[in-house]
Amino acid sequence: MTHWWQSGIVYQIYPRSFQDSNGDGIGDLPGIRQRLDYLHWLGVNAIWISPVYPSPMADFGYDVSDYRAIHPLFGSLADMDSLIAAAHQRQIKVILDFVPNHTSDQHPWFLASRSARDNPRRDWYIWRDAAPDGGPPNNWLSRFDGKAGWTWDAPTGQYYLHTFLKEQPDLNWRNPELRQAMLDVMRFWFDRGVDGFRVDVAYRVLKDAQFRNNPPNPNWQPGMDPFHRLIDKYNRNIPEIHQFNRWLRQVADAYPGRVLIGEINLPLPQLVQHYGQGDEFHLPFNFSLIHTAWTATAVRALADQYEGLLAASAAWPNWVLGNHDQHRVATRLGPAQARTAMLLLLTLRGTPTLYYGDELGMADVPIPPDQVQDPWELYVPGQGLGRDPERTPMQWDGSANAGFCPAGVTPWLPLANNYETVNVARQQNEPASMLALSQALIHLRQRTPALNQGSYQSLDTPAGLLAYLRRHDEESYLVVLNFTADVCHWQLPAGVTPQAILLSTHMDQPTALAGSSLHLRPNEGLVLRI
Ligand code: GLC
Ligand code: CA
């Protein structure tokens, strides 16, 4: 049986930036609801919404102060219920973000924990005595400033651990009561009809029980992200982490049809271990396309490696091209290769996750220093670490504020200055637009079992081209991508006989076929039936 999260397509919404419904310049849940018809038209099967819980917003919602409520900025629990119902009416699943590694320092649990050493919640967080010299208990670093990952709490005379900001104290999942409280949070949302969770920094949640020092990174040099001075051996992907995965999975398995997607940023051989024996994550996020060199050779190598690693198991692959932590794909690869990248994402074997706006080719928006919001950019400025550029408002139409918020309102991050040409309304009317391509690809994938669940096999090609077959039952499709800005010719191998070209990334009637030879224009990708 094929599950919806296998054959389907996930669309990530960064809620602050999707649609503002009440004129405060910040996106919200009723706004998402207003745009469900667009998502239905686009053809995606699920939305993953980054955190919408009450939060002081030190890390824009990834610092949660109440796991069972909605921040008033985004709406109310009733708004969430009606969003879930309206999405389900359109056969769209709803995936929420679960943030298990840390809370906000304003969460009542942490306020209690730091109030006294003998408070019953003390052990729900990770408290340690100072080192003999009074300094932090070990050398672990904090993610956004590369400084000590420990903050001294003078009233109770101990340090608390925070892998991210000091406003994001780490939870202690080795404490059984905390564990139950967090697993109950998952049940709370499952009971409300949520279809799954994307689990934030899942691979960092458990820490070395002995709190050993991390080793220095021999490859680090001044000017690099200061966090990478050390190799985070003892507070990331430690052997016990698989137990954490199983705790979550046991909860999810009590609810039919739910999915757990893990934010796990690891090389493929370690990543695939997070499927467990079918008892850990359904989908450990595969970010390898984001990190690889953008060449046909490199992409083939990683797709083949990934397929090889999964071959002996029932584990289901997945692919990601962008998210709220990475520079936009259109900026990383340029607009022409963003189109072939979209074809790749939507024709590889495995669940694709699409980041909002990438379907239009939205690019990074340069943020003037006085408008920077992301704490990472504020702590380590000027190195391109800040994530505001890829979090700017969705470009819906050519009106003032691009239809994201009313005219005259200042959106929380500036709009792209190209929004009058790069927007949904305009691209919906342009037959060759990026949006027309994305939508055509999504619909082609949806109606073609070979593409949404068939096998994958790569083929040898001339340099610059990537080609693979997708097969299911009697149906076979050939995908060919030209990674270069040059014309490429390919004499097709014996046995590969195209019947029809179904789609070109150029969104015109391609004439690429001449006998058994294929001609790809610069930056062109093709889907053929064979
Ligand atoms: C994850 C999120 C990121 C957040 C961090 C801390 O990496 O994707 O946005 O800042 O965790 O929660
Ligand atoms: Ca709003």
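Given the structure is predicted, the values throughout are model-derived calculations rather than measurements.

S.K.: Whenever I open this one, the overall build of the protein confuses me. Can you help?
M.R.: Helices and strands together make up the secondary structure of the protein, namely 16 helices and 19 strands. In terms of C-alpha radius of gyration, the protein reaches 24 Å, essentially the compact-globule figure of 24 Å for 530 residues. Relative to its full complement of 530 residues, the protein shows a buried share of 60%. Contacts in the protein between residues far apart in sequence, at least 24 positions, make up 68% of those at least 6 positions apart. Of the roughly 19700 Å² of accessible surface on the protein, 51% is carried by carbon and sulfur atoms.

S.K.: Looking at this structure, I do not really get the site of ligand 1. What am I missing?
M.R.: In the neighbourhood of ligand 1, 13 residues make up the surrounding shell, with Asp-59, Arg-198, Asp-200, His-324 and Asp-325 lying closest. In this structure, an oxygen atom belonging to ligand 1 sits 2.9 Å away from a side-chain N or O atom of Arg-387. Looking at the shell around ligand 1 residue by residue, the classes come out as 4 nonpolar, 2 polar and 7 charged.

S.K.: Would you explain the side chain of Ser-104 in this entry?
M.R.: Turning to its location among the elements, Ser-104 is positioned in the loop between β3 (93–98) and α5 (108–113). Separated by 2.8 Å, the side chain of Ser-104 and the backbone nitrogen of Gln-106 make a polar contact. Those residues within four positions of Ser-104 in sequence are excluded, and the remaining contacts are Pro-56, Asp-63, Val-64, Ser-65, Phe-110, Glu-167 and Pro-169.

S.K.: Looking at this structure, I do not really get the domain arrangement of the protein. What am I missing?
M.R.: For the protein, the domain assignment lists domain 1 (4–103 + 175–442), domain 2 (108–161) and domain 3 (454–529). Each of domain 2 and domain 3 has a C-alpha centre, and the two are 57 Å apart.

About the criteria used
Residues numbered from 1 in each chain as written. Chains lettered and ligands numbered in written order. Predicted model: local features only at pLDDT ≥ 70, side-chain atom pairs only at ≥ 80, totals over all residues. Heavy atoms only, no water. Helix = DSSP H or I, 4+ residues; strand = E, 2+ residues; numbered from the N terminus. Rg over C-alpha atoms; globule rule 2.2 N^0.38 Å. Buried < 20%, exposed > 50% of the residue type's maximum accessible area, 1.4 Å probe, protein only. Contact = heavy atoms within 4.5 Å. Areas by Shrake-Rupley, 256 points an atom, 1.4 Å probe, with all protein chains shown as cover. Near = heavy atom within 4 Å. Polar contact = N/O pair within 3.5 Å; in protein donor to acceptor, adjacent residues only side chain to side chain. Nonpolar A, V, L, I, M, F, W, Y, C, P; charged D, E, K, R; others polar. Domains from an automatic or database assignment.

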